[in-house]
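One letter stands for each residue in the lines below.
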Amino acid sequence: MKKAYRGELLHFIADPAKVALIDSYQYFEDGLLVIENGLVVQVGEADLLLKKLSNDTELIHYPHGLIMPGFIDTHVHYPQTEMIASYGEQLLQWLENYTFPAEREFSDLEHGKRVAEFFLTQLLAAGTTTALVFGTVHKASVDAFFTIAQQKKLRMICGKVLMDQNCPDYLSDTAASGYADSKALIEKWHQVDRLQYAITPRFAPTCSKAQLDKAGELLAQYPDVYLHTHLCENKDEIAWVAELFPENTGYLDVYDKSKLLGRRSVFAHGVHLHDSECQRLGETNSAIAFCPSSNLFLGSGLFNLQQAQQFDVNVGFGSDIGAGTTFSMLSTLNEGYKTQQLRGDKLSPFQSFYLATLGGAIALDLEGTIGNFTKGAEADFIVLDYTATPLMARRMQHCKTLTEKLFILSMLGDERHVLATHIMGEKVTE
Ligand code: GUN
Ligand code: ZN
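Conventions we followed
- Residues numbered from 1 in each chain as written.
- Chains lettered and ligands numbered in written order.
- Predicted model: local features only at pLDDT ≥ 70, side-chain atom pairs only at ≥ 80, totals over all residues.
- Heavy atoms only, no water.
- Near = heavy atom within 4 Å.
- Polar contact = N/O pair within 3.5 Å; in protein donor to acceptor, adjacent residues only side chain to side chain.
- Areas by Shrake-Rupley, 256 points an atom, 1.4 Å probe, with all protein chains shown as cover.
- Nonpolar A, V, L, I, M, F, W, Y, C, P; charged D, E, K, R; others polar.
- Helix = DSSP H or I, 4+ residues; strand = E, 2+ residues; numbered from the N terminus.
- Buried < 20%, exposed > 50% of the residue type's maximum accessible area, 1.4 Å probe, protein only.
- Phe/Tyr/Trp six-rings, centres within 6.5 Å; stacked < 30°, edge-to-face > 60°.
- Lys NZ or Arg CZ within 6 Å of the ring centre and 35° of its normal.
- Contact = heavy atoms within 4.5 Å.
- Expected span 1.5 Å × (residues − 1).
- Salt bridge = Lys/Arg side-chain N within 4 Å of Asp/Glu carboxyl O.
- Donors = N, O, S within 2.8 Å, 3.2 Å for Na, K, Ca; no water.
- Tetrahedral: all angles 85-135°; square planar, octahedral: opposite > 155°, others 65-115°.
- Core = buried A, V, L, I, M, F, W, Y, C linked by side-chain atoms within 4.5 Å.

## Some remarks on the site of ligand 1
Okay, step 1: Taken together, the residues surrounding ligand 1 are His-77, Gln-80, Leu-91, Trp-94, Leu-95, Arg-202, Phe-203, His-230, Glu-233, His-269, Asp-320 and Ala-323.
Okay, step 2: Between ligand 1 and the protein, one listed contact pairs an oxygen atom with a side-chain N or O atom of Gln-80 at 2.8 Å.
Okay, step 3: Note that an oxygen atom of ligand 1 is positioned 2.7 Å from one of the side-chain N or O atoms of Arg-202.
Okay, step 4: Contact with the protein chains covers 100% of the free accessible surface of ligand 1, which is 280 Å².
Okay, step 5: Grouping the constituent residues of the shell around ligand 1 by class yields five nonpolar, four polar and three charged.

Below, the structure written as C-alpha cells:
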C-alpha cells in the first residue's frame, strides 16, 4: 500500500533552541510525503519525488494545506473530559470539588469506553495523534481507554492512577493493590500494537512513601514503561509536600528517592522548580510537560521554559484536560506564547511547533517513531488549513514568511483549522 501526499510541508529535525534555525526544520512549499504500509518512506520536493513514484502509488493532493506531523500531547487526563471548565478554584480545591467526584464514575468499564471514544475523537479532530494519558485509580479506566485506542490504531500511553492517601476512600488503592493492578495492566497492554503503559502515581501528596517505592520497584522491573506524574504545579501543593515529606530536600527529591526519574519519566507542570531540581531533571533525562492552558486556568503560575532549556530538560506541550480548557494544540501554543510574554520571554513559532511535534516525541522517548517525517517513522500526520476561518484567511493575505504563517496559525488556530488527521497514512477525520 503506497500513498503520496502532496502539499506545503513542514517538519522538524532538531531543536531550534539548540541549533541554527535553518538546521532545525525542513520546509517544502510544494512537497511530497511518500508512505508505504503506514510508514514514512521519504519526504522532499514534489517535482523531484513525483518522477520517482511507482505506478501503484495513490497520490493525494492538498493544494491549500500545510502538512505536518501530528501533535503530541504529553500530559492529559481523559477521565476529566466531562468536568472541563469547572469554576473558581485553584489546584487542591479544584481536585476535591470537581475532579475526584468525576473520576469516581470510571469504576464502570462502559462509562470509561464512552468517555474514551469521545475524548479520542476530540483529540484527533484537534490534530493530536499521540498522548500520554492519565486514567483513574480504577483498572477498568485503563482497559476502557486502551480498548478504544486500539480500535482506532493509535499510538497512546496510559496508566492507572496510584493514590493511597489524602484522597476520598472511593478513589483509594493501597501500595500493594496499586502495584499488583499496574503490573497486571503492563502485562496485558504494554507494547500491544501501538499502546504503551505509564506507571502513574497521581502526585506526592496522594501517595505514601511505600506506594512511591513500589512504583520505583515496578519501573525497575519494566524499564521500558513510562513514569507519569505531577510536579511543582501550585504553591500550596508544594508547601503540603514539604509538610508530608519533611525528610526530603524538596518536591522532586520525593520522587528521586523512590527512583522515579529517568528517560521515560514525564513530570507535568514543573512551574515552580528550583535550579537544582531542573538540573536533576536534565541529568536524569527526565521530561517536563508544559501545560500553559492549565497553568493559567488554575492560576498555578508561569512555566519557565528558559530555565528548562538552560538545564537541557526535555519539554513537550500538554493540554492537561480538564484543568486545561482546550483539546487544541494550536490553542495551547497560543496560551504558551502568552505565558512567556508575561515572563518577558519570547516563544518563537518555530520553537512552539517543534515542542508540539518532535519535542514531544523526544520527551516521550519516541524520536524516530513519531514526531517528524524521518524514514521509517509512523505516518501520523495532519493537514492545517489557513483558510478555514475568514479571519485567518484575511490575516494570512498580509503575511509573507513562514515564521509569520506559523505564528498566525498558533494565535488564531484551533480545531477548525485542522483539515484532516491521518493515522498510519490513513485519513481518520472528516
Ligand atoms: N495534581 C494532582 N492531580 C492533578 C490533576 O488531576 N490535575 C492537575 N492539573 N494537577 C494535579
Ligand atoms: Zn494533570
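Moving on, there is more to tell.
## Side note on unusual backbone geometry
Okay, step 1: Between Ile-321 and Gly-322 the backbone carries a cis peptide bond, its omega angle lying at 0°.
Okay, step 2: In this fold, Gly-322 is placed in the loop between strand 13 (314-317) and helix 12 (329-343).
Okay, step 3: You will see that Asn-37, though not glycine, has its phi angle at about 50°, which is positive.
Okay, step 4: If you trace the backbone, Asn-37 turns up in the loop between strand 2 (25-36) and strand 3 (39-45).
Okay, step 5: One non-glycine residue, Asn-166, lies in positive phi territory at about 50°.
Okay, step 6: Tracing the sequence through the fold places Asn-166 in the loop between strand 8 (161-162) and helix 5 (175-189).
Okay, step 7: Exposure remark for Asn-166: the relative accessible area of 39% places this residue in the partly exposed category.

## With respect to the packing of aromatic side chains
Okay, step 1: For the coordinates displayed, the defined rule picks out 20 aromatic pairs.
Okay, step 2: Arranged with centres 4.8 Å apart and planes meeting at 20°, the rings of Tyr-25 and Phe-350 form a pair that is stacked. One end of the pair, Tyr-25, is in strand 2; the other, Phe-350, is in helix 13 (residues 349-363), with 325 residues separating them in the sequence.
Okay, step 3: For Tyr-25, a relative accessible area of 16% gives the class buried.
Okay, step 4: You can call Phe-350 buried: its relative accessible area is 3%.
Okay, step 5: Taken together, the ring pairs in this structure connect Tyr-78, Phe-106, Phe-119, Phe-145, Phe-146, Trp-189 and Phe-327 into an aromatic cluster.
Okay, step 6: The positively charged end of Arg-104 is found above the aromatic ring belonging to Tyr-170, 4.0 Å away from the centroid.
Okay, step 7: Over the face of the ring belonging to Tyr-179 we find Lys-214, whose NZ or CZ atom lies 4.2 Å from the ring centre.

## Quick notes on the environment of Thr-332
Okay, step 1: By secondary structure assignment, the location of Thr-332 is in helix 12.
Okay, step 2: Along the primary structure Thr-332 and Met-411 are separated by 79 residues, whereas in three dimensions their C-alpha atoms are 9.3 Å apart.
Okay, step 3: The contacts of Thr-332, once residues within four sequence positions are left out, are Pro-292, Phe-317, Gly-318, Ser-319 and Thr-326.

## Concerning helix 12
Okay, step 1: If you check helix 12, its first and last C-alpha atoms are 21 Å apart, about what 15 residues at 1.5 Å a residue would give, namely 21 Å.
Okay, step 2: Among the 15 residues in helix 12, 11 count as buried, and that is most of the element.
Okay, step 3: Of the positions making up helix 12, those classed as buried are Met-329, Leu-330, Ser-331, Thr-332, Leu-333, Asn-334, Glu-335, Gly-336, Tyr-337, Thr-339 and Gln-340.
Okay, step 4: The distance from a side-chain oxygen at the start of helix 12 to the backbone nitrogen of Leu-330 is 3.2 Å, and the residue carrying that oxygen is Ser-328.
Okay, step 5: Of the residues flanking the end of helix 12, it is Gly-344, one or two places downstream, whose phi is positive at about 85°.

## Overview of the pattern of salt bridges
Okay, step 1: Tallied over the entire structure, the rule returns 23 salt bridges.
Okay, step 2: In this structure, Arg-6 engages Asp-30 in a salt bridge whose closest nitrogen and oxygen atoms are separated by 2.7 Å. With Arg-6 in strand 1 (residues 2-12) and Asp-30 in strand 2, this pair connects stretches of sequence that are 24 residues apart.
Okay, step 3: According to the relative accessible area criterion, Asp-30 is partly exposed, its value standing at 30%.
Okay, step 4: Its salt-bridge partner being Glu-103, residue Arg-202 comes within 2.8 Å of it at the nearest N-O pair. In this pair, Arg-202 sits in the loop between strand 9 (195-201) and helix 6 (209-221) while Glu-103 sits in helix 2 (residues 91-104), placing the two residues 99 residues apart along the sequence. The pair formed by Arg-202 and Glu-103 is uniform in burial state, with each residue classed as buried.
Okay, step 5: Because the salt bridges share partners, they merge into one network encompassing Arg-155, Arg-194, Glu-378 and Asp-380.

## Quick notes on the coordination of the zinc ion (ligand 2)
Reference values for angles at a metal are 109.5 degrees in the four-donor tetrahedral case and 90 or 180 degrees in the six-donor octahedral case.
Okay, step 1: Every protein donor of the zinc ion (ligand 2) is listed here as His-75 (NE2), His-77 (NE2), His-230 (NE2) and Asp-320 (OD), and their distances to the metal cover 2.0 to 2.4 Å.
Okay, step 2: Each of the four donor atoms around the zinc ion (ligand 2) contributes to a set of angles spanning 87 to 172°, which defines the coordination as irregular.
Okay, step 3: For the zinc ion (ligand 2), all donor residues lie on one chain, and their spacing in sequence is H-x1-H-x152-H-x89-D. Taken as a pair, His-230 in strand 10 (residues 226-231) and Asp-320 in the loop between strand 13 and helix 12 lie far apart in primary sequence, 90 residues in all.
Okay, step 4: When its relative accessible area of 6% is taken as the criterion, His-230 is described as buried.

## Quick look at the nonpolar core
Okay, step 1: Judged by nonpolar contacts, the single largest core of 109 residues is most densely connected at Phe-145, Met-156, Ile-199, Tyr-255, Phe-353 and Leu-384.
Okay, step 2: Looking at which element gives the most residues to this core, the answer is helix 13, with seven residues.
Okay, step 3: Setting aside residues no more than four positions away along its own chain, Ile-199 makes contact with Leu-162, Ile-186, Ala-215, Leu-218, Leu-219, Val-225, Tyr-226, Leu-227 and His-228.
Okay, step 4: Residues Leu-9, Tyr-62, Val-383 and Ala-420 belong to the second largest nonpolar core, which totals 16 residues.

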